[in-house]
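Here is how the chains run, residue by residue.
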Amino acid sequence: MTATEAAPRKRLYTQLWFWVIVGIVLGVVFGLVAPDSAKGAKWLADGFIQMIKVIVAPVIFCTVVVGIASIGNLARAGGLALKALFYFLVATVVALTIGLLAANVFAPGAGFSGTPSESALASAAKQVDQGAQDAGFTGFILNDLLPTSFLGPFVENEVLRVLVLAILTACSVSLLAPPLRKRVVGSIETISKVIFGIIKLIMWAAPVAAFGGMAYTVAQFGASSLTNLVKLMGVFWGTCAFFIVAVLGLVSWWAGFNIFKVIRLIKDELLIIVGTSSSESVLPRLLTKLEAAGASKQTVGLVIPTGYSFNLDGTCIYLTLGALFIIQAGNESLPIGVQIGLALLMVLTSKGAAGITGAGLVTLAASLQAFGGQFFSAEAIAVGIALIIGIDRVMSEGRALTNCIGNVVATLVIARWNGELDRERLKAVLDDPSLVDEAMELEHGSRAQEETDTDELSKEPAAVGAGAGSGSAYEVAGERTGRVTSTGKTLSPAERAAERDGETHESVR
């Protein structure tokens, strides 16, 4: 196969996205026909997300360590991290501002006359209590950011703390002598291959999870038909769509690619998010797909995991829109200066709200608690959260979709900004997304495909303790086709072989 040849088309029924759509459609039908029974199907989605959470922390740890340590230069890695954080900060401010503007223009809570149920109030009280524990800058540093042990964050699936540990580990590995550093990075990447193998098995349950999640959502939504809540959902989804098309579209145009083609590229992942209401379920797939699309391994390995805590565009829109909805539903108003102060506070509190269903609701409660006092009493927060909690899952899907698209765009933009994006490769992939199918099959495909590729790989020379990325699916595909490598440079098969031989000789020396 040459670089210009498209990968053969797979049969429709062999593709995961097809079965996810089937699960979603069946879930919608089940939720409409038997809503009482459909509410009990929620455990299918919850179980899938619970299994995904098992491997999210190890995936983040391994990809960040490999991404930073394979650079071999802390100054260069630090420059990449600073560019990413600057982008995340700007995107956060823009998303929070757009949420404020939408709430003021459309006023979804104005004229509200309903009252939350007792069960909603009880559930909201739990969210408020949890949010109160995380309020304030000191609470963020001690309770969310700094680890209390090395293994604890992995056990509790605390993404921010895992990220801190990964950065510290990566810095330590980067200071090792080059031959030893390559062996350590190679070992960590080997561990990540085992984790990706677990993901392959779990992802086969995605259609079932989509069925259970959509059945519950449709059944629950049918019981929440208050006009203001429907209006809030409409304003939120419309604002997210505007942010994606206008803001991310403009950023994508500036970076030289089309936002609609990017969405088409990740349509499989977006469908999984619709069914599971969690962006964490597709994190490993995004790592592989973006590297295969032309972004360097280092950029993808650092930006995507970091973005899952620091670049939550959909969550930011939800925070300011939800806060003003609560104020409007209580027939109150906030001066514009106070609204700006609330948005500035949410720049901090929005961090760490990783893509797990319900995380945005807890973050909203924490933000209101931190602002507190004169504007948001504990009782007002409890009532407001109770009003939103019934439709939170529908809004959670909007948050997760927007967060995912925002992080994909951020990765490609930062890769170009840092000179680590093969723009010709990206253009080819966006025009024909099937070009990444080979890499996706190697990392996330069926067992039969994996065994076939293993037989082919066994014919190629292997070096013990090879450098970072030497065994990645995308580099293997690159060696066969002459496509772009994980460093963002297009090499022929002969050049790749020569580069591999050079790395082996360096390791021997």
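Note that the structure is a prediction, hence the values are computed from the model and not measured. (Residues numbered from 1 in each chain as written. Predicted model: local features only at pLDDT ≥ 70, side-chain atom pairs only at ≥ 80, totals over all residues. Heavy atoms only, no water.)

## Structural notes on the overall build of the protein
Then, number 1: Within the protein, the regular secondary structure consists of 25 helices and zero strands.
Then, number 2: With 509 residues in all, the protein has 54% of them scored as buried.
Then, number 3: Considering only intrachain contacts with a sequence separation of at least 6, the fraction spanning at least 24 residues in the protein is 82%.
Then, number 4: For the protein, the computed accessible surface area is about 21,100 Å², with 64% contributed by carbon and sulfur atoms. (Helix = DSSP H or I, 4+ residues; strand = E, 2+ residues; numbered from the N terminus. Buried < 20%, exposed > 50% of the residue type's maximum accessible area, 1.4 Å probe, protein only. Contact = heavy atoms within 4.5 Å. Areas by Shrake-Rupley, 256 points an atom, 1.4 Å probe, with all protein chains shown as cover.)

## Looking at the packing of helix α8 (residues 159-174) against helix α15 (residues 297-310)
Then, number 1: Across the interface, α8 lies against α15 with an axial gap of 9 Å and an inter-helix angle of 145°. Judged by the sense of rotation from one axis to the other, the crossing of α8 with α15 is left-handed. Taking contact as the criterion, the partners of Val159, Leu160 and Leu163 in α8 are, on α15, Thr306, Ser309 and Phe310.
Then, number 2: Classifying every residue of the contact of α8 with α15 gives four nonpolar, two polar and no charged. (Axes fitted to C-alpha atoms, helices over the stretch in contact; angles between N-to-C directions. Left-handed = near helix turned anticlockwise from the far one by under 90°. Nonpolar A, V, L, I, M, F, W, Y, C, P; charged D, E, K, R; others polar.)

## Re the pattern of salt bridges
Then, number 1: Taken as a whole and assessed by the stated rule, the structure comprises eight salt bridges.
Then, number 2: A salt bridge links Lys289 to Glu269; its shortest N-O distance comes to 3.1 Å. With Lys289 in helix α14 (residues 283-292) and Glu269 in helix α13 (residues 267-276), the pair connects residues that are 20 residues apart, well separated along the chain. The pair formed by Lys289 and Glu269 is uniform in burial state, with each residue classed as buried.
Then, number 3: A salt bridge links Asp431 to Lys427, with the nearest nitrogen and oxygen atoms 3.3 Å apart. Taken together, the positions of Asp431 and Lys427, both in helix α21 (residues 423-431) and four residues apart, correspond to about one turn of that helix. (Salt bridge = Lys/Arg side-chain N within 4 Å of Asp/Glu carboxyl O.)

## A word on the side chain of Arg425
Then, number 1: Its place among the elements puts Arg425 in helix α21.
Then, number 2: Put simply, Arg425 is tucked away with no salt bridge, and the nearest opposite charge, on Asp422, sits 7.0 Å away. (Lys, Arg positive; Asp, Glu negative; His and termini not counted.)

## Remarks on the UniProt feature "transmembrane region" (unreviewed entry) in the protein
Then, number 1: Within the UniProt annotation, "transmembrane region" (unreviewed entry) is assigned to residues 12-34, 54-72, 84-107, 159-180, 201-223, 235-257, 342-365 and 371-391.
Then, number 2: Strand forms 0% of residues 159-180 and helix 86%; the C-alpha atoms that close the span are 28 Å apart.
Then, number 3: Between the C-alpha atoms that bound residues 235-257 there is a distance of 28 Å. The span itself is 91% helix and 0% strand. (UniProt positions renumbered as here; feature names shortened; annotations may be inferred.)

## Remarks on helix α4 (residues 74-106)
Then, number 1: Spanning 33 residues, α4 covers 47 Å between terminal C-alpha atoms, matching the ideal 48 Å at 1.5 Å per step.
Then, number 2: Just past α4, the residue Ala107 takes up positive phi, approximately 40°. (Expected span 1.5 Å × (residues − 1).)

## Observations regarding the nonpolar core
Taken as a class, soluble globular proteins show a tendency for nonpolar side chains to be buried jointly.
Then, number 1: Counting 122 residues, the largest nonpolar core has Tyr87, Phe257, Leu364 and Leu412 as its most contacted members.
Then, number 2: Counting residues per element, this core draws most heavily on helix α3 (residues 42-69), which supplies 14 residues.
Then, number 3: Apart from residues lying up to four places away in sequence, Phe257 is in contact with Ser252, Val262, Val409, Leu412, Val413, Leu426 and Leu430.
Then, number 4: By size, the runner-up hydrophobic cluster in this structure holds five residues, among which are Ala38, Ala41, Ala215 and Ala219. (Core = buried A, V, L, I, M, F, W, Y, C linked by side-chain atoms within 4.5 Å.)

## Quick word on the packing of aromatic side chains
Then, number 1: As enumerated under the stated definition, the model contains seven aromatic pairs in all.
Then, number 2: Between the aromatic rings of Phe30 and Phe211, the centroid separation amounts to 5.7 Å while the plane-to-plane angle is 10°, which identifies the pairing as stacked. A residue pair is termed long-range when its members are at least 10 positions apart, and Phe30 in helix α1 (residues 16-33) and Phe211 in helix α10 (residues 206-222) qualify at 181 residues.
Then, number 3: Taken together through their ring pairs, the aromatic side chains of Phe61, Phe150 and Phe154 make up a single cluster.
Then, number 4: Seen from the ring of Trp254, Arg416 lies directly overhead, with NZ or CZ sitting 5.9 Å from the centre. (Phe/Tyr/Trp six-rings, centres within 6.5 Å; stacked < 30°, edge-to-face > 60°. Lys NZ or Arg CZ within 6 Å of the ring centre and 35° of its normal.)

## Section: the side chain of Asn403
Then, number 1: With respect to the helices and strands, Asn403 occurs in helix α20 (residues 392-417).
Then, number 2: Of note is the side chain of Asn403, whose polar atom sits 3.2 Å from the side chain of Thr315. (Polar contact = N/O pair within 3.5 Å; in protein donor to acceptor, adjacent residues only side chain to side chain.)

## A closer look at the packing of α3 against helix α9 (residues 178-203)
Then, number 1: The interhelical angle for the contact between α3 and α9, taken along N-to-C directions, is 160°, at an axis separation of 9 Å. As far as their axial angle goes, α9 and α3 are roughly antiparallel. Every pair of crossing elements has a handedness; the one defined by α3 and α9 is left-handed. Of the residues in α9, those in contact with Phe48, Met51, Ile52, Ile55, Pro58, Val59, Cys62, Val65, Val66 and Ala69 of α3 are Arg181, Val185, Ile188, Glu189, Ile191, Ser192, Ile195, Phe196, Ile198, Ile199, Ile202 and Met203.
Then, number 2: Grouping the amino acids of the contact of α3 with α9 by side-chain chemistry returns 19 nonpolar, one polar and two charged. (Parallel < 35°, antiparallel > 145°, perpendicular 65-115°, else oblique.)

## Here we look at unusual backbone geometry
Then, number 1: Despite not being glycine, Ala107 shows a phi value in the positive range, around 40°.
Then, number 2: With respect to the helices and strands, the residue Ala107 is situated in the loop between α4 and α5 (118-133).

## Some words on helix α16 (residues 313-329)
Then, number 1: The end-to-end C-alpha separation of α16 is 24 Å, in line with the 24 Å expected for 17 residues at 1.5 Å each.
Then, number 2: Within α16, 17 of the 17 residues are buried, leaving the element largely enclosed by the surrounding structure.
Then, number 3: Positive backbone phi, at 60°, marks Asn331, one or two positions downstream of α16.

## Side note on a nonpolar patch on the surface
Then, number 1: A surface patch of nonpolar side chains, amounting to about 460 Å² of accessible area, comprises Ile21, Val25, Val29, Leu32 and Val33.
Then, number 2: Within the secondary structure, Val25 sits in helix α1. (Patch = residues over 30% accessible without salt bridge, like charges linked within 9 Å, V, L, I, M, F, W, Y side chains within 5 Å.)

## Section: the environment of Lys267
Then, number 1: Note that Lys267 resides in helix α13.
Then, number 2: By relative accessible area, Lys267 is classed as partly exposed at 37%.

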